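Structural overview for review
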Amino acid sequence: MSEIEIQVQAQEFIYRQTLRKEKPKAGRHALEEVGRSLNAIAQRRRQYFLDYKECNTIKCVRHWYAWETKRNLETNTNEARTENAATRGVKMFLHRVEFYGTLLTRFIEYVLHPLKTKFSTSGKENPEFEAVKEKMQQLKTKCESLLSDGSVINLDNVNHSDAEKRFPVISVIPRVHELLSKMVMTSFQWRLHARYEQQFEEIAQKRALAESEGDLNDKRSLLRNFDHGIRKTQRSHESLEEEIAERQQALSTSNFAQVYEQCIDQIERVQGALEQCKSTIQSNDSTIKAVQETFGKYKIIGPKRKHKLESSIVKRTKKVEELAKIQAELERLEEHKAKLDEEEVSWMRGGYENAVNVINTLKEQSQTLVDNLKELEQQKDDLKSSYEQSVEEVLKLSMDYEQVNHKYEYEKRLAAVVAKTIWNNNADIYTTVRPNKITTIRMETEGAYPMLQPKGVALVIHNDWATKSEKANKLVHDKVDKNFAKSLNVLLVQCGYYVIQRKDLTTGEIQHHMIGLSDQYHGYQGDHSSLLAVIVAQSNERGQILDDNDKALSAKDLLDHFSQSRCPALIGKPKVFLLFLRVSVRDPVLPRVNQLKVVESRKKQSSASLDAPTYFEPEALNTESDFLVVRVMYEDDFDQDGKPTFGGGKTTQSEDIPWFVSSFVTKMSEQAGDKDFLTILKNIKRHYMERVSLSVTSTLSESKASVASRATTTFKSSDSNGHVNMFIDSSLKKPLYLMPGL
């Protein structure tokens, strides 16, 4: 909180306490005397034939008061008196009017003016804030109208007394009191809305500077166009590269001398094969002719000649076919040679240079496409980076808005609960927590734990401390339990925690609720600043929680559910456990400390020490960092019937709860606004020990013989018979401020 917000909150606290204190004086019964006084003056004015039926303006009341004072002086000639019963009542009323007028003036000066100057925003993002400002203006105008001398007072409803119906001006005091109370509450709401309105406006301004949804759509379209252009350019580049490769291949194979020689060699080989084939055919022809000529001369060798003739004919036929193929190949080679001759002539006339120029031109085009491709890819990367950055910024703004809105809704719900609490705490035990005095600058300077809204969940488990064997005691203890739970609830709500209450749980059910709370913190995506768990239950002398079946639950088992491995969401955040334990079971084997030794040890201790003679023996706790475990252990003395009672034999206090609980709540209410939590606990413990020491000393001074005969120690308060001690186990690394108020 800033300095100005702390100042305004302190002023609200002052006005709230003043109005609560003045509320009885503005009640109907307190104004009956004013009604009687005005009625008496009206009767006298009727006797003097003056207007007496209507008195509906403060100016009229002043006139009646002046007239009655003057009449009183004129008619009491023996002993001049300025006052009588009638004028005293009216004077009291006018003083109350002046008092409330001063309250309104000071409220405007010290609260409303700072709100308008330091907490004034446009209200565009939050219509509730505009409604609150308008409501404040209406309340101020109506209050000023009621307190002005010339305003005619009309009754606003039918629920008025007979005196108010006859003299409506009497209703000014309770109505102004109610309006001022609403103005204080509206100031509370103004600060709440203004704080978050500023955050909403900052987010809205960032959203106005950020990319809109239409801009993001345009960027997505541009990205698609860039992708299309890049793919098209890549395809053009690939086709050019293929053409260049083909032309380079053709250019590399344009060595005509080598190709021409190869072609001539092939032609010569084919011509040699052709000549050889022709000679073979001629040889076959000669053989066939010779065989045919001698075929009929020799009858003995006729078959052989015939066979030779046939084989020669077959060979000749094959050679003719082969000759045809060779001639075709020779013709092809001659045509190829002719083309080579033509290409060589063309190539020698500049064709080679033209092909080289075409390839170079294609290479330049390819390089241009490569450059264009790189440029397109760079533009695409830049646009993609800008798009991703814009999307990330939009998502971050949305997340910031959701987070601020969640805190805002949380604080509004909490504010509604706090409002009911701070206006309905008439008993001393429900004292309003004094406002916060810790600024954010001081917290940063001291390196304290950040305790911002939402602070977190406060789980309050209240098991019945009373023994329900007797119906007479049950009613008393039920009332005590109810007041105990209410006092804790009032305290925690005003400190900014969302309170969850459970009652009469077994040890297994307590474990189940702790697991659920750990899972809730682990799965929640918000920013809870801390954890607070309060357990009121029975225990043994070791501080282990007991249920109706006497099943023991160690405090270690509760803390394990919020370790770093099981609940990483609370790493580096304070985890506070307040255990109010009534020791109802003791191990008979364990020895008890003698009362005389207790007193002697108390005398030896320095007055500044917090260590008391240990009547209880709680188990040691080896906690991880950022834990604070407070165990307030209490044990009743026994009444005459031998049955335990909640407050011993002297539970007739006005608070109807144990003195140490009342002291705890009172000290927290007084010191939570300006001291760190650990210092407050040490002060409470010091208060316990001083009270216990005085009780023990006074008990010993009454009867040393009686004390020596007892077997148990008596850490007693002067109000209740019982033993109290407080054990603090802290592994906090930083100061912890509760910063009450919103």
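Here the structure is shown first, and the text comes after it.
Residues numbered from 1 in each chain as written. Predicted model: local features only at pLDDT ≥ 70, side-chain atom pairs only at ≥ 80, totals over all residues. Heavy atoms only, no water.

**Digging into the environment of Val-418**
Note the threshold: Here a strand is any run of E in DSSP of at least two residues, a helix any run of H or I of at least four, and the numbering for each starts at the N terminus.
Positionally, Val-418 belongs in helix α10 (residues 302-423). Distance in space between the C-alpha atoms of Val-418 and Gly-496 is 8.4 Å, their sequence separation being 78 residues.

**Quick notes on the environment of Lys-118**
Convention followed: Residue contacts are counted whenever heavy atoms from the two residues lie within 4.5 Å of one another.
Mapped onto the elements, Lys-118 comes out in helix α4 (residues 85-118). Through-space distance from the C-alpha of Lys-118 to that of Ala-194 is 9.3 Å; in sequence the pair is 76 residues apart. With sequence-adjacent residues up to four places away left out, Lys-118 is seen in contact with Ile-4 and Gln-198.

**Let's talk about the environment of Ala-30**
Quick reminder of the rule: Each residue gets one of three labels from its accessible area relative to the maximum for its type: buried under 20%, exposed over 50%, partly exposed in between, using a 1.4 Å probe on protein chains only.
Note on placement: Ala-30 falls in helix α2 (residues 28-47). Accessibility expressed as a relative area gives 25% for Ala-30, which makes it partly exposed. Ala-30 has contacts with Pro-24, Lys-25 and Met-92, leaving out every residue within four places of it along the chain.

**Side note on the packing of aromatic side chains**
Heads up, the condition is: A pair of Phe, Tyr and Trp rings is counted when the ring centres sit within 6.5 Å of each other, with Trp represented by its six-membered ring. The angle between the planes then sorts it: under 30 degrees is stacked, over 60 is edge-to-face, the rest tilted. In this analysis the charged atom, NZ for Lys or CZ for Arg, is taken to sit over a ring once it is within 6 Å of the ring centre and within 35 degrees of the ring normal.
Within this structure, the stated rule accounts for 15 aromatic pairs. One cation-aromatic arrangement involves Arg-46 over Tyr-52; the distance from NZ or CZ to the ring centre is 6.0 Å. Arg-207 extends its terminal NZ or CZ atom over the ring of Tyr-401, reaching a point 5.0 Å from the ring centre.

**Section: helix α16 (residues 659-671)**
The criterion, for reference: Helix span, as expected, comes to 1.5 Å for every residue beyond the first.
If you check α16, its first and last C-alpha atoms are 18 Å apart, about what 13 residues at 1.5 Å a residue would give, namely 18 Å. Taking burial as the measure, the 13 residues of α16 include 10 buried ones, the bulk of the element. Buried within α16 we find Trp-659, Phe-660, Val-661, Ser-662, Ser-663, Phe-664, Val-665, Met-668, Ser-669 and Gln-671.

**A few points about the nonpolar core**
Here is the rule: Definition of nonpolar core: a set of buried residues of the types Ala, Val, Leu, Ile, Met, Phe, Trp, Tyr and Cys, connected through side-chain atoms within 4.5 Å.
Of all hydrophobic cores here, the largest spans 50 residues; its most connected members are Val-534, Leu-578, Phe-580, Phe-664, Phe-677 and Tyr-688. In contact with Phe-677, not counting residues within four places along its chain, are Val-576, Leu-578, Leu-628, Met-668, Leu-736 and Leu-738. Formed by 48 residues, the second largest nonpolar core is a distinct cluster that contains Val-8, Cys-55, Leu-94 and Leu-103.

**Regarding the pattern of salt bridges**
Note the cut-off: Criterion for a salt bridge: a side-chain nitrogen of Lys or Arg within 4 Å of a carboxyl oxygen of Asp or Glu.
The tally for this structure, following the rule as stated, stands at 23 salt bridges. One salt bridge in this structure joins Asp-149 and Arg-62, with 3.3 Å as the shortest N-O distance. Of this pair, Asp-149 sits in the loop between α5 (127-147) and α6 (162-166) while Arg-62 sits in helix α3 (residues 58-75); the two residues are 87 residues apart in sequence, bridging distant segments of the chain. Residue classification places Asp-149 among the partly exposed positions, given a relative accessible area of 32%. Each of the salt bridges in this network shares a partner with another, and the network as a whole consists of Glu-5, Glu-12, Arg-191 and Arg-195.

Function-wise, these values are silent; they only describe arrangement.
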